[in-house]
Amino acid sequence: MSRVTDGREASRRPGRTRAGERAVPPASSTGRVRRHPLLRRRRVVVGPHAVDVRGTFDPALPPVVLVHGVGMSGAYFLRLADELAATRDVYALDLPGYGTTPKPRRPLSVAELGEAAAGAVAALGLSGPVLVGHSMGCQIVVDAVRDHPGLCSGYVLVGPTVDPDAPSRPGQAWRLLRDTLREPPPTNALVLRDYLRMGPLRYLRTTRSMVRDRIEEDIRGCTVPGLLVRGGRDPIAPRDWVRRLARAAPDARVVEIPGAPHNVQHTDPKELAAACAPFLDACRPARRPDVPA
């Protein structure tokens, strides 16, 4: 069972006038422009779990759902969400146990997080969204797409894990350390904050599921179009691995953002949005299997 529990949606999209033109972003009581003025918060219930959502909630635009990686939250997608919101109905999830969402009694596996992501799409009433995953979020997206035909019209995997050439937690930790040295301080600060919020024990238990998951096998069941993206300086998702993963998919291609590290959605949101734009434009809402043609 999936349902929406917070109904604070405005009658029209914030930041636009009644005629549809963009208005001046709202200011706080101090006179400073509030960040991410188009995004509102809502909580949906998916089975026994909650999922917190930051979204534009604009059914007039084609939907995009952003799925974070291990230890993270939707917060590191907000810069990309701002870029996409001009032409897309954008939703950044905090999956169960991440960000502001309540923690389950135990950490959820990749497969269980995939079910939660699919349930959130249903609870939000989205038709044919494009699912965008980052890092372990790519594994979550692939599971959701494979197990729920008709859920989406396409998927984007940004910096996908786990490269079989580094299939252990120590191997992934070494690559993460190398990437940390390439990320700017604001990105590292955001990552550290979310890691601490999740807690080290939950993080370690979740990475056990992450390294056991076989995205290179699961992606064979993703029949909708896919786009795989990596930063040119991403040691966690090397070029050869991303190309091999794309070849394993029924219908996918690869795009690279030159000079970008692993967290390209936070460091280079404009470039990532531009690279994804042709793919997003080409995606069409998928017809549900139970709906006649």
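Just above, that's the structure.
Below or above, wherever it landed, is the structure these notes cover.

A word on the overall build of the chain
Logical step 1: If you tally the helices and strands in the chain, you get ten helices and nine strands.
Logical step 2: Burial statistics for the chain: of 293 residues in total, 55% are counted as buried.
Logical step 3: Across the chain, contacts joining residues at least 24 apart in sequence account for 76% of those joining residues at least 6 apart.

A look at a positive patch on the surface
Logical step 1: There is a patch of like positive charges on the surface, built from R169, R205, R208 and R212.
Logical step 2: If one sorts the elements of the positive patch by residue count, helix α6 (residues 200-212) sits on top with three residues.
Logical step 3: Here R208 is to be found in helix α6.
Logical step 4: Look at R208 and you get partly exposed, because its relative accessible area is 34%.

Overview of helix α8 (residues 239-248)
Logical step 1: Of all the residues in α8, the buried ones are W241, V242, L245, A246 and A248. Along the long axis of α8, the arc covered by the buried residues comes to 160°, so they all point the same way.
Logical step 2: In this fold, the buried residues of α8 make contact with β7 (154-158), α7 (215-218), β8 (226-231) and β9 (252-257).

Thoughts on helix α3 (residues 136-147)
Logical step 1: Its twelve residues give α3 an end-to-end C-alpha distance of 17 Å, which sits within 8% of 16 Å, the value for a rise of 1.5 Å per residue.
Logical step 2: Summarising burial for α3: ten of the twelve residues are buried, a large majority.

Section: the packing of helix α2 (residues 110-123) against α3
Logical step 1: Across the interface, α2 lies against α3 with an axial gap of 8 Å and an inter-helix angle of 65°. Between α2 and α3, the crossing angle belongs to the class labelled roughly perpendicular. Crossing of α2 against α3: the hand is right-handed. Of α3, the residues touching α2 (which contributes V110, A111, L113, G114, E115, A117 and A118) are M136, Q139, I140, D143, A144 and D147.
Logical step 2: Here the residues of the contact of α2 with α3 are counted per class, giving eight nonpolar, two polar and three charged.

Concerning a nonpolar patch on the surface
Logical step 1: There is a patch of nonpolar side chains on the surface, built from W174, L177 and L181 and spanning about 380 Å² of accessible area.
Logical step 2: You can call L177 partly exposed: its relative accessible area is 45%.

Criteria and thresholds
- Residues numbered from 1 in each chain as written.
- Predicted model: local features only at pLDDT ≥ 70, side-chain atom pairs only at ≥ 80, totals over all residues.
- Heavy atoms only, no water.
- Helix = DSSP H or I, 4+ residues; strand = E, 2+ residues; numbered from the N terminus.
- Buried < 20%, exposed > 50% of the residue type's maximum accessible area, 1.4 Å probe, protein only.
- Contact = heavy atoms within 4.5 Å.
- Patch = residues over 30% accessible without salt bridge, like charges linked within 9 Å, V, L, I, M, F, W, Y side chains within 5 Å.
- Areas by Shrake-Rupley, 256 points an atom, 1.4 Å probe, with all protein chains shown as cover.
- Salt bridge = Lys/Arg side-chain N within 4 Å of Asp/Glu carboxyl O.
- Lys, Arg positive; Asp, Glu negative; His and termini not counted.
- Charge placed at Lys NZ, Arg CZ, Asp CG, Glu CD.
- Arc of directions from axis to C-beta.
- Expected span 1.5 Å × (residues − 1).
- Axes fitted to C-alpha atoms, helices over the stretch in contact; angles between N-to-C directions.
- Parallel < 35°, antiparallel > 145°, perpendicular 65-115°, else oblique.
- Left-handed = near helix turned anticlockwise from the far one by under 90°.
- Nonpolar A, V, L, I, M, F, W, Y, C, P; charged D, E, K, R; others polar.

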